[in-house]
Amino acid sequence: MRPQSAGNSPEISGSERSRLATAGARAVTLAQLSSQPRGDRFKGGIFLALLLFAVAIALLGLVAIIVQAAVKGAPAFGMDLITNGPSTLNPEQSGFRPALLGTLYLILGVILLVVPLGVSAAVYLEEYADRTRWWNRMIELNVQNLAGVPSIIYGILGLAFIVRGPLDLGFILAAGSMTLALLVLPTVILAAREAIRAVPPSIREGSLALGATKWQTIRRQVLPAAIPGVVTGVILAISRAIGETAPLLLVGAASFVTFAPTFFGDNGYTALPVMIFNYAARPQDEFRVLAAAGVIMMLIVLLAMNSFAIWLRNRYEQQW
Amino acid sequence: MEARDTIGAFGRGGADRPPPSLEASSPRYGEKLIKGFLASCAILSVITTTAIVISLLLPTADFFGEVGFTDFLFGTEWAPTFTPAAFGVLPILVGTISTSLWGMLFAVPMGLGSAIWLSEYASPKARKVVKPVLEVLAGIPTVAIGIFGLVFLSPVIEGVFPFMVNVPPFSAGVAGLAIGLMLVPIIASISDDAMRAVPGGLREAAYGLGSTKMKVATRVVFPAAISGIIASLVLAGSRAVGETMVVLLVAGASPNLTFDPGSSVLTMTAFIAQTATGDISTGSITYDTIFAVGALLFVLTLIMNIFAIRLVRKYREVYE
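Enquirer: Explain the overall build of chain B to me, using residue names and the numbers behind them.
Expert: Helix and strand counts for chain B come out as 13 helices and two strands. Here the C-alpha radius of gyration of chain B, 29 Å, is well above what a compact globule of 320 residues would show, namely 20 Å. Projecting the C-alpha coordinates of chain B onto the three principal axes gives extents of approximately 105 × 70 × 35 Å. Taking all 320 residues of chain B together, 51% fall into the buried category. In chain B, the proportion of contacts linking residues at least 24 apart, taken out of those at least 6 apart, comes to 73%.

Enquirer: Describe the nonpolar core, listing the residues and the values that go with them.
Expert: Counting residues in hydrophobic clusters, the biggest one holds 204 residues, and the most contacted among them are I156 of chain A together with A144, I147, A178 and I187 of chain B. Counting residues per element, this core draws most heavily on helix α7 (residues 173–197) of chain A, which supplies 17 residues. When residues of this core are sorted by domain, at least three fall in each of domain 1 (34–76) and domain 2 (80–316) of chain A.

Enquirer: Residues and numbers for the confidence of the model for chain A, please.
Expert: Averaged over every residue, the pLDDT of chain A is 85; the share at 70 or more is 92%. Note on residues 1–11 of chain A: pLDDT is under 50 here. Beyond four places in sequence and across chains, it has 10 contacts.

Enquirer: Lay out the packing of helix α4 (residues 90–121) of chain B against helix α10 (residues 226–242) of chain B in plain terms, naming residues and giving numbers.
Expert: All names here are of chain B. Put simply, α4 and α10 touch, their axes get as near as 9 Å, and they point 140° apart. In terms of their interaxial angle, α4 and α10 are classed as oblique. Seen from above, α4 lies across α10 with right-handed handedness. Of the residues in α10, those in contact with T96, S100, G103, M104, A107 and V108 of α4 are L233, A236, G237, A240 and V241. Along the lines of polarity and charge, the residues of the contact of α4 with α10 split into seven nonpolar, four polar and no charged.

Enquirer: Describe in detail the packing of α7 of chain A against helix α9 (residues 214–243) of chain A, supporting the description with residues and values.
Expert: All names here are of chain A. Between α7 and α9, whose axes approach to 8 Å, the crossing angle comes to 150°. The angle between α7 and α9 falls in the class roughly antiparallel. Judged by the twist between their axes, the crossing of α7 over α9 is right-handed. Between α7 and α9, the contacting residues are L180, L183, V184, T187, V188, A191, A192, E194, A195 and I196 on the first element and V222, A226, G229, V230, T232, G233, V234, L236, A237, R240 and A241 on the second. Classifying every residue of the contact of α7 with α9 gives 15 nonpolar, four polar and two charged.

Enquirer: How would you summarise unusual backbone geometry if you had to cite specific residues and measurements?
Expert: Across residues other than glycine, the phi torsion is negative in most instances, and most of the peptide bonds are trans. All names here are of chain A. Within the chain, D168 stands out as a residue other than glycine whose phi angle is a positive 55°. Secondary-structure assignment places D168 in the loop between α6 (151–163) and α7. In this structure D168 comes out as exposed when scored by C-beta crowding, with 10 C-beta atoms within 10 Å.

Enquirer: Before we move on, could you go through the confidence of the model for chain B and cite the residues and values that matter?
Expert: Residue and element names in this part refer to chain B. This prediction gives chain B a mean pLDDT of 86; 92% of its residues lie at or above 70. When the elements of chain B are averaged for pLDDT, helix α1 (residues 2–13) gives the smallest value, 47, and α4 the largest, 95. Counting contacts from residues 1–11, a segment whose pLDDT is below 50, to residues more than four positions away or on other chains yields zero contacts.

Enquirer: Outline the environment of F87 of chain B, listing residues and values.
Expert: Residue and element names in this part refer to chain B. Position of F87 among the secondary structure elements: in strand β2 (residues 86–87). Note on F87: 21 C-beta atoms within 10 Å, which makes it buried. Measuring from C-alpha to C-alpha, the distance between F87 and F69 comes to 9.9 Å, with 18 residues separating the pair along the chain. Aside from chain neighbours lying at most four places away, what touches F87 is V67, D71, F72, G75, P80 and T289.

Enquirer: Explain α4 of chain B residue by residue, including any values.
Expert: Think of an α-helix as turning once every 3.6 residues; residues three or four places apart then point the same way. Taking 1.5 Å as the rise per residue, α4 of chain B with 32 residues should run 46 Å; its terminal C-alpha atoms sit 44 Å apart, in good agreement. Summarising burial for α4 of chain B: 26 of the 32 residues are buried, a large majority.

Enquirer: Talk me through the interface of chain A and chain B; I want residue IDs and the actual numbers.
Expert: Facing the 87 residues of chain A at the interface are 88 residues of chain B. Sorting elements by how many residues they give to the side of chain A that touches chain B places helix α2 (residues 37–73) of chain A first, with 19 residues. Along the lines of polarity and charge, the residues of the side of chain A that touches chain B split into 60 nonpolar, 20 polar and seven charged.

Reading the values: the criteria
Residues numbered from 1 in each chain as written. Chains lettered and ligands numbered in written order. Predicted model: local features only at pLDDT ≥ 70, side-chain atom pairs only at ≥ 80, totals over all residues. Helix = DSSP H or I, 4+ residues; strand = E, 2+ residues; numbered from the N terminus. Rg over C-alpha atoms; globule rule 2.2 N^0.38 Å. Buried ≥ 20, exposed ≤ 12 C-beta atoms within 10 Å, placed from the backbone. Contact = placed C-beta atoms within 7 Å. Core = buried A, V, L, I, M, F, W, Y, C linked by C-beta atoms within 7 Å. Domains from an automatic or database assignment. pLDDT = per-residue confidence, 0-100. Axes fitted to C-alpha atoms, helices over the stretch in contact; angles between N-to-C directions. Parallel < 35°, antiparallel > 145°, perpendicular 65-115°, else oblique. Left-handed = near helix turned anticlockwise from the far one by under 90°. Nonpolar A, V, L, I, M, F, W, Y, C, P; charged D, E, K, R; others polar. Expected span 1.5 Å × (residues − 1).

Listed below in structure tokens is the structure:
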């Protein structure tokens, strides 16, 4: 069974493959000639045990994060958490109301910005861009790079370009939304591209052959078929935006806001992770309990969204 | 009159009439408009990068107008808000490297172990459960992991290894461990993809020569997937360097020039987040310092990301 070789250099990849194969075969043969089978079985057992240990530690870490937050935050669970604002005087009755509303507004703004921009960019890159042109390759490489830029750098961008500088919006919620949207835009573009690429070319060719224009083909055939993948990507991007804290610290998400925020009001806003961070950084234990309860609240929302995304992907995954 | 002209026109065409055009019969300005709009959305990503570079460069230039380049890069004292101020970036650069190294020290064996298990040992059923669960770990907001480190890991480790936490609850080593927990799924997921892309023929050839499962995994599949594996490690490293919330909560805030895991350190990201949260006036030297440190962070992660993207491309070319 010969693996298919793509790309423009089959000879190189072929020789690379045979080099690897011979190297592997030589190592294995040498090892085989010089060792006792009993020792091999023993070593294999140890190796598998080590691998299982690694997986177990990773899974255990996940469980520990959730259980620890649940145990620590348990005393604070209750309706106060959702209906009350923060209060330094009586932390027992403090809650996350302004933060929850702030996150809700922020995310609404992110969705409004990121869905049209991300999907449009993905459609351009997949359907229109001629990959032999350097500027299209540059856009592609650029999107990949942006996906790896640390989130705090986006905070700096938001501070210098959106809050101050050219846009000069001030420390308002809309500026936070825009910063988060720029942060998750590459994720949405990459996911939407994957989804669009998965639509087979025969669908497009059939539509074009029937006389549809390129845009009609995209709008009536390609995009509807790609919707489940796009939605999954958007949900995953949104769940990342919900948990992002660092960039919001830079674009003015304040800590103690006791009233409901508005998009363009300049009297401060906050978000769920920022408030959790603020509570956690206080030395009093009551606030740490609140922070843990906030973490559980956030994790429940995120897990629900991620499970929905996975379900959606499995439910609507099309086999062409 | 009109009819004769038409006939005349046709007649004049005669034998050397140009072949019928296969272009669209109308100019389709709408289609072009749509393409232009989609392209401008894609170009937004390039604008974002440009904006990041400009917003970092301008204040950084101001910064180097007041502070010498070598004083910044090789100075061993970091006290930008003191009088007299000192702008040697080495302590916070070493702080970043230290927490990242401790994180990688934990994450590399755990992540690679999980990846080898997932791709070579796990049954399809186990894989289908474990991989999404690991991806959930990757989706946990870093502020939650930071709280886990601060409230749980730090006291527990202080109890077992007192030398790991000199200034409770802050410690570079514990911050590294918490970061490592976050890196495991990144390494596991990308390395697993790389190892599964190794063609089955290589494995079968090694088995045919009588090698054990462990030998196939470590001497054939692992070396054949090495570029993808290194890419996953570099990406994880770039994530560790850019991580903010965990170090802000767990690593403390003292700019110590040390690799000691028990010491409290200040990282570049933590400095940015901490300093930018306060109300600072545009144009002051403190404001410019944020951008100078941000520029250094951006350059570091950019180099790592480009390196990783190249490696991923390479292994895709060989086997797909």
